[in-house]
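Geometric and topological summary
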Amino acid sequence: MMKKFQLFLSFLAANCLFATVAHAQLVVEITRGSQDPTPIAVAPFNWSGSGVLSEDVSGIVSADLRRSGLFAPVPKEDMLSFPKNPEEVVFRDWRILGTEYVVTGRIEPQAAGYLLTFDLVNIFGQNKMFTKQVSGGAQQLRDIAHRAADEIFEAITGIRGAFSTQMIYVLEQTRGGSPSYALMQADIDGARAKEIRRFSAPVMSPMWSPNGQEVAYVSFETGRPAIFRENLRTGARQQLTNFKGINSSPTWSPDGTKMAMVLSKDGNPEIYVLDLRSGKFTRMTRHFSIDTEPNWMPDGKSLVFTSDRGGKPQIYQLTLATGQVDRLTFDGDYNARPRVSPDGKTLVTVHRSRGVFTIATMDINTGRMRVLTETTLDESPSIAPNGAMLMYATKRGSKGILAAVSLDAGVKYSLPSQRGDVREPAWSPYFD
């Protein structure tokens, strides 16, 4: 039994590699983009109100599109003109720059905030693709910009944008000689970071609820690991477990009514499902090995999880209705922390081959595996709700940072903090 718990702790260590975190804004650094990004120009939006806006809305839209890696926005200083509407777009001028699309926009003051009217113009087709409007409150200029970028991204790529989503991550810092831990919430570009809750004991494994209104996590504040759920708007929270031994890896079911987790209350780390309405725990696995890190399939009918029942950590799938367990991964000597794409076709895992930890994807139907990342300590993958990108924790030198990579491995960017380390990102669902 001691050997089992030592191996379980190695699972935890692999997902908790970073320390000494300072509270700081995250800064996007694009490290690899598409080999053939689409040239697009986001002309400065016209502001019809008084004074100066607190945010550069067109600049945020341009930054969002650049961060996707699929677009190459034209620098403002290279633009030959600043059209405010489609009628002012001179197609010849933009063709000279090789620009395929131009975005124009107008921001108007409203009693409760702002209204952005924006247009997408196809230069080579010489036509206006759409005119749309986005409104928001006085403090929501960044939200307005992200929503506009989502619309533009989807119109051109056919993929729903995820610029309006957010992330939660863990920070750790030293205060008065003692470690202090915090759950942080921020826009997906790292802006507007705010503290959800601060702890004097470690906190780990944050996971969004499907509706984006709550977060589940593991806290050691009671002296042993316990699972909590917390309302992100009100701060109200509930302790869900208080068992001796292991309480870890909470993950919400797709409909938000249940939560899978790992408990050792019956002597061995096993997968349990908690009915959040009745409070009833149901044991799902019964094996002398360690079963851990459950994650739901999108249809809610099965779980994927990490187990060493084959001798080394690999990913398995549990069908809830029958209890049947099938092994999914065979490449590499270690696969853990499984996540599944929204369409249920791709498995993302922390993969080790020849002693190197990376993030990899596997086609669930064919079993074909593809390594996405290149550093040696990549951990904690979390997939965007559109299935196009995933975020993970890694290291740059001795410093823990967050990074993102597209599932086709063509686009990559990092999000280091200006001071200290960050770890364990969780990408939010859509908020609609």
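This text gives an overview of the structure that appears in the document. Because the structure is a prediction, the values reported are computed rather than measured. (Residues numbered from 1 in each chain as written. Predicted model: local features only at pLDDT ≥ 70, side-chain atom pairs only at ≥ 80, totals over all residues. Heavy atoms only, no water.)

Another aspect to go through is a nonpolar patch on the surface. Judged by side-chain polarity, Leu80, Ile96 and Leu97 come together as a nonpolar surface patch covering roughly 290 Å² of accessible area. Inspection of the secondary structure assignment puts Leu80 in the loop between β4 (71-73) and α3 (91-96). (Patch = residues over 30% accessible without salt bridge, like charges linked within 9 Å, V, L, I, M, F, W, Y side chains within 5 Å. Areas by Shrake-Rupley, 256 points an atom, 1.4 Å probe, with all protein chains shown as cover. Salt bridge = Lys/Arg side-chain N within 4 Å of Asp/Glu carboxyl O. Helix = DSSP H or I, 4+ residues; strand = E, 2+ residues; numbered from the N terminus.)

Here we have four strands laid out as an open sheet, ordered β11-β12-β13-β14, and antiparallel in their pairing. Where the open sheet ends on each side, the last strands, each with one partner, are β11 (203-208) and β14 (237-239). If you compare each strand with its neighbour and ignore which way they point, the axes differ by 20 degrees on average. In this structure, strand β13 (residues 226-231) lies alongside β14, joined through three bridges in antiparallel fashion. Following the sheet pairing, Arg229 is matched in β14 by Gln238. (Pairing = 2+ DSSP bridges. Axes fitted to C-alpha atoms, helices over the stretch in contact; angles between N-to-C directions.)

Our next topic: helix α2 (residues 57-67). For α2, the buried fraction is high: eight of the eleven residues fall into the buried class. When α2 is considered as a whole, its buried residues turn out to be Val57, Ser58, Ile60, Val61, Ser62, Asp64, Leu65 and Arg67. Among the residues trailing α2, Gly69 stands out with phi positive, at a value near 80 degrees. (Buried < 20%, exposed > 50% of the residue type's maximum accessible area, 1.4 Å probe, protein only.)

We describe a pair of aromatic rings using the distance from one ring centre to the other and the angle between the two ring planes. Within the structure shown, the criterion is met by ten aromatic pairs. The interplanar angle of 90 degrees and the centroid separation of 5.7 Å between the aromatic rings of Phe118 and Phe130 together place this pair among those described as edge-to-face. In this pair, Phe118 sits in strand β6 (residues 113-122) while Phe130 sits in strand β7 (residues 127-137), placing the two residues twelve residues apart along the sequence. Seen in terms of ring centroids, Phe153 and Phe163 are 5.5 Å apart; in terms of plane orientation they differ by 90 degrees. Their pairing is edge-to-face. Separated by ten residues along the polypeptide, Phe153 in helix α4 (residues 141-157) and Phe163 in the loop between α4 and β8 (166-175) bring together distant segments of the chain. (Phe/Tyr/Trp six-rings, centres within 6.5 Å; stacked < 30°, edge-to-face > 60°.)

This part takes up the nonpolar core. By size, the foremost hydrophobic cluster in this structure holds 27 residues, and its most contacted members are Ile40, Phe45, Val61, Leu65, Leu116 and Ile152. Broken down by element, this core gets its largest block of residues, eight residues, from α4. In this structure, Ala186, Ile188, Met391 and Ala393 belong to the second largest nonpolar core, which totals 19 residues. (Core = buried A, V, L, I, M, F, W, Y, C linked by side-chain atoms within 4.5 Å.)

An order of β15-β16-β17-β18 is seen for the four strands of this open sheet, with the pairing classed as antiparallel. With partners counted over all chains shown, the strands left at the sheet margins are β15 (247-252) and β18 (281-283), one partner each. This sheet shows a mean twist of 25 degrees between the axes of neighbouring strands, independent of strand direction. Alignment of β15 against strand β16 (residues 258-263), held across four bridges, turns out to be antiparallel. Directly across from Thr251, in β16, lies its bridge partner Ala260.

Two elements in contact, α2 and α4, have axes separated by 8 Å at closest approach and are oriented at 45 degrees. When the interaxial angle is binned, α2 and α4 end up oblique. For the element pair α2 and α4, the recorded crossing hand is right-handed. Contact residues: Val57, Ile60, Val61, Asp64 and Leu65 in α2; Leu141, Arg142, Ala145, His146, Ala148, Ala149, Ile152 and Phe153 in α4. (Parallel < 35°, antiparallel > 145°, perpendicular 65-115°, else oblique. Left-handed = near helix turned anticlockwise from the far one by under 90°. Contact = heavy atoms within 4.5 Å.)

Going through the model one piece at a time under the given rule, you end up with 23 salt bridges. With a closest N to O distance of 3.3 Å, Arg142 and Glu55 form a salt bridge. In this pair, Arg142 is assigned in helix α4 and Glu55 in the loop between β3 (46-47) and α2, connecting sequence segments 87 residues apart. Judged by relative accessible area, Arg142 falls into the buried class, the value being 14%. Glu55 gets classed as partly exposed once you look at its relative accessible area, which sits at 29%. Among the salt bridges present, the one from Glu424 reaches Arg423, with a minimum N-O distance of 3.0 Å. The class for Glu424 is buried, based on a relative accessible area of 1%. When its relative accessible area of 2% is taken as the criterion, Arg423 is described as buried.

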